[in-house]
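# Coordinates in review
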Amino acid sequence: ERVHEQTKMRKLKVIEEEARRLEEERERHDRITKLAPQVEAQRRELAKQAAALFRRDREDKDHANQELHDMLSERREKTRRYMTPDKIKQIQEGKLPMEP
């Protein structure tokens, strides 16, 4: 009878542990379900911020490239504008490169 009682107690303990595990799983699922809209909203906000940062970085790079291009174009134009007739003749003869 004592063995029967111990077996009964073990089964009861297993049933209680299973019930506790199921309750914890249900609570965890409820928390996840409750927080899902907030998590999704935060994910969307972070995605918007990342897109804005990427766009701003690309615009900054494009702007820097355009400034460099403009500066080099201006420099080439000034070089051409102030060429002496001797330099023009040397460039035409192939003795000097076109750009300084």
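Each remark here, short or long, concerns the structure printed above.
Residues numbered from 1 in each chain as written. Predicted model: local features only at pLDDT ≥ 70, side-chain atom pairs only at ≥ 80, totals over all residues. Heavy atoms only, no water.

### Quick look at the overall build of the protein
What counts, and what does not: Helix and strand definitions here come from DSSP, where helices need a minimum of 4 consecutive H or I residues and strands a minimum of 2 consecutive E residues; each element is numbered from the N-terminal end. Using C-alpha atoms as the atom set, the radius of gyration is obtained and then compared with a globule rule of 2.2 Å times the number of residues to the power 0.38. For the area figures, the Shrake-Rupley method with a 1.4 Å probe applies, and any residue is considered shielded solely by the protein chains shown. When charges are counted, neither His nor the chain ends are considered; positive counts come from Lys and Arg and negative counts from Asp and Glu. Note on charges: their place is set at NZ of Lys, CZ of Arg, CG of Asp or CD of Glu.
When helices and strands are tallied, the protein shows 2 helices and 0 strands. Over its C-alpha trace the protein gives a radius of gyration of 39 Å, far above what one expects of a compact globule, namely 13 Å for 100 residues. Dimensions of the protein along its principal axes, counting C-alpha atoms only, are 120 × 30 × 10 Å. For the protein, the accessible area works out to roughly 9,700 Å², and carbon and sulfur atoms hold 56% of it. Taking the 26 positively charged and 23 negatively charged side chains of the protein as two groups, their mean positions are separated by 2 Å.

### Quick look at the pattern of salt bridges
What counts, and what does not: The term salt bridge refers to a side-chain nitrogen of Lys or Arg lying within 4 Å of a carboxyl oxygen of Asp or Glu. Three exposure classes are used, based on accessible area relative to the maximum for each residue type with a 1.4 Å probe and protein chains only: buried under 20%, partly exposed in between, and exposed over 50%.
Within the structure shown, the criterion is met by 9 salt bridges. Two residues, Arg-21 and Glu-18, come together in a salt bridge whose shortest N-O distance is 2.5 Å. With a gap of 3 residues between them, Arg-21 and Glu-18 both fall in helix α1 (residues 2–81), about one helical turn apart. Classification of Glu-18 by relative accessible area gives partly exposed; the value is 36%. The residue Glu-40 makes a salt bridge to Arg-43 at a minimum N-O spacing of 2.6 Å. A residue pair is termed a helical-turn pair when its members lie 3 or 4 positions apart in one helix, as Glu-40 and Arg-43 do in helix α1 at 3 residues.

### Observations concerning α1
To keep things clear, this is the line we draw: One less than the residue count of a helix, multiplied by 1.5 Å, gives the span that helix is expected to have. Fitting axes to the seven residues that end at a residue and to the seven that start at it, the angle between those axes gives the bend at that residue.
Helix length check: α1 (80 residues) gives 112 Å between terminal C-alpha atoms against 118 Å at 1.5 Å per residue, within 8%. Along α1, the helix axis deviates most sharply at Leu-35, where the bend reaches about 45°; the proline Pro-37 sits within four residues downstream.

### What about the environment of Pro-37?
Within the fold, Pro-37 resides in helix α1. Pro-37 sits 13 residues away from Glu-24 along the chain, and the two C-alpha atoms are 21 Å apart.

### So, the environment of Leu-12
The topology assignment puts Leu-12 in helix α1. With 50 residues separating them along the chain, Leu-12 and Asp-62 place their C-alpha atoms 71 Å apart.

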